[in-house]
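# Architecture and fold: a report
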Amino acid sequence: MYSMFDLKLIRETPGFFDSGWKRRGLEPQTPKIIEMDEKRRALLTEAQELQSKRNEASKQVGILMSKGIVGTFGGGSVTASLMQEVAGYKDRIATLEEEEKKTGDELNDFLSRLPNIPDETVPDGASEKDNKEVRKIGAPKLLNSAKEHFDIGEGLGGMDFETAAKMSGSRFVLLKSGVARLERALAQFMLDTHTQEHGYTELSVPLLVRDEALYGTGQLPKFAEDLFKTNTGHWLVPTSEVSLTNTVMDSIVDIGDLPLRLTSLTPCFRSEAGAAGKDTRGMIRQHQFYKVELVSITEAEKSNDEHERMTACAENILKKLDLAYRTITLCTGDMGFSARKTYDIEVWLPGQSAYREISSCSNCGDFQARRMMARYKKEGDKHTKYVHTLNGSGVAVGRCLIAVLENYQQPDGSVLIPDALKPYMGGITKLEPLQHA
RNA sequence: GGACAGGUGGCCGAGUGGUUGAAGGCGCUAGUCUCGAAAACUAGAAUAGGUGCAAACCUAUCGCGAGUUCGAAUCUCGCCCUGUCCGCCA
């Protein structure tokens, strides 16, 4: 409890935390934290002193009674007076404990809404404009009269927004025949690559999770409005990062099992509250989309290396598909709540003449591990340590489908199948447009 | 959904109102032995928090939360979870 940030460390080096939060645009938080923490500890100490007295007296009662010296109330015996002494502490202890708990809950709630401290290598900045490009791979395709994915998809008779809207409203799509198959092929290709070449273990995971899980990965308590909730109190996962990372919830992982590298293909559900009017056309921003997720659980000292490795695994998917992309480091103002450092991979979309996000790889450090009590113990070490958690898209299937359609579109409206996907397409090498009369 | 049975330390498992943080085993750490290892033996070791320079001491924790009691792992109530059987079902 009260562990989502190291309170001892906050007490000792409040400046470190405040400057970290300042880089995220927050006011100094430690004065309030320290005030609540001090109040709580004072109450705790007082309660513990009384408890100690109570326990001592109770123990004496036990000793006396075991010797057969049973006291009678009001009789003035030693036992009876001890019993009364203990009873006298009761109310006072209860009051103190109640206040201590209340203060602790307040502190806990306050802390649970504060974002992770950015890594020192993360560039400062207020918005995406301040993100820093790390590398640019492949030449962006410049096509004459390049079409956007929804025009291509509809031209192929494989993408139907209208029908999807009838049953589900906006931000849903219905894929058909060759395009549906292409989506499936992409997902299989990604999973196979990560499991067979990158050493990830494939998991098939729950998509409905409880509060605790989302609290652990950081979506709750602050971002409930971005999520869908069922009438049973479950939440639909916005990414299988939630399910994969929470596999180590409340556990002490055997160090020999680290690093854990997990992957899964799942639908992701997002309410997209606050994104009204953004990317309304096409399937860039949907309430439901498939994503292959990568999660790594590592020792504290190894998460930075793992972050680079994971990003390379995600990039490898795009390389194999021969898609141009660039990798950027998100600045402090653009990073997610739980992240210490994030690389975004943006794929080139000829139809939009722009790079668009297709993957986001984050090192969360011990931020999520503290929230979900995920630890490991090193041989010889006295204390357990929090694991480090990382997550990344490897990659977003829906957006990758868009990228393939736009990059492999032909002037006649057909779409070639990338070599890497051919083994998954059952002999189909090209998607042909509908013939209009 | 109905009926039972359970949830104890890193793991397994005993305990069923009183000096119990909790037997025993496995695993772990150190030592003895050994050329070395294994085995055996000896010792140590739960987690979190608080006070303290430290040694150390104190408090809490036996699924979670209330309650009974001078005192709860143990009794009562509620909740959550797991297992088994029945019903339903992809």
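Source: prediction; values computed, not measured.

What counts and how
- Residues numbered from 1 in each chain as written.
- Chains lettered and ligands numbered in written order.
- Predicted model: local features only at pLDDT ≥ 70, side-chain atom pairs only at ≥ 80, totals over all residues.
- Domains from an automatic or database assignment.
- Buried ≥ 20, exposed ≤ 12 C-beta atoms within 10 Å, placed from the backbone.
- Helix = DSSP H or I, 4+ residues; strand = E, 2+ residues; numbered from the N terminus.
- Axes fitted to C-alpha atoms, helices over the stretch in contact; angles between N-to-C directions.
- Parallel < 35°, antiparallel > 145°, perpendicular 65-115°, else oblique.
- Left-handed = near helix turned anticlockwise from the far one by under 90°.
- Contact = placed C-beta atoms within 7 Å.
- Nonpolar A, V, L, I, M, F, W, Y, C, P; charged D, E, K, R; others polar.
- Core = buried A, V, L, I, M, F, W, Y, C linked by C-beta atoms within 7 Å.
- Pairing = 2+ DSSP bridges.

Quick look at the domain arrangement of chain A now. In terms of domains, chain A is made up of domain 1 (7-112) and domain 2 (128-431). If you average the C-alpha positions of domain 1 and of domain 2, the two centres end up 45 Å apart.

Along helix 6 (residues 161-168), only zero of the eight residues are buried, which leaves the element largely exposed. At the exit of helix 6 stands Gly169, carrying a positive phi of roughly 90°.

This next bit is on the packing of helix 7 (residues 177-196) against helix 10 (residues 303-320). At a minimum axis separation of 11 Å, helix 7 and helix 10 run at an interaxial angle of 130°. The orientation of helix 7 with respect to helix 10, classified from their angle, is oblique. Every pair of crossing elements has a handedness; the one defined by helix 7 and helix 10 is right-handed. Residue-level inspection shows Met190, Thr193 and His194 of helix 7 in contact with helix 10, the latter providing Cys313, Asn316, Ile317 and Lys320. Across the contact of helix 7 with helix 10, the residue classes tally to three nonpolar, three polar and one charged.

Below, the discussion takes up the nonpolar core. Core analysis: the biggest nonpolar cluster contains 70 residues, and Leu186, Val347, Val397, Cys400 and Val404 have the highest contact counts within it. When near neighbours in sequence (up to four residues on either side) are disregarded, Val404 contacts Leu182, Leu186, Leu321 and Pro418. One finds Val248, Ala369, Ala374 and Tyr376 within the second-largest nonpolar core, a separate group that totals nine residues.

Okay, the pairing of strand 15 (residues 388-396) next. Where burial is concerned, most of strand 15 is hidden: nine out of the nine residues are buried. Here strand 9 (residues 288-298) runs beside strand 15; their pairing, made up of seven bridges, is antiparallel. Looking at the pairing, Lys291 lines up with Ala396 of strand 15. Here strand 12 (residues 354-363) pairs with strand 15 via three bridges, running antiparallel. The residue of strand 15 that forms the bridge with Ser362 is Asn391.

Before going further, it helps to spend a moment on the sheet that holds strand 14 (residues 385-386). Strands sit in the order 7-13-14 across an open sheet of three strands; the sheet is mixed. Across the chains shown, the open sheet's two edge strands, defined by having one partner strand only, are strand 7 (251-254) and strand 14. Summarising the sheet, strand 7 and strand 13 (residues 374-377) pair through four bridges and their orientation is parallel. In the strand pairing of strand 13, Asp254 is matched with Lys377.

Below, the discussion takes up the environment of Glu133. Mapped onto the secondary structure, Glu133 falls in strand 1 (residues 132-137). Judged by the 11 C-beta atoms lying within 10 Å of it, Glu133 falls in the exposed class. Placed 211 residues apart in sequence, Glu133 and Asp344 show a C-alpha to C-alpha distance of 9.4 Å. Residues contacting Glu133, with those up to four places away along its chain left out, are Arg326 and Ile328.

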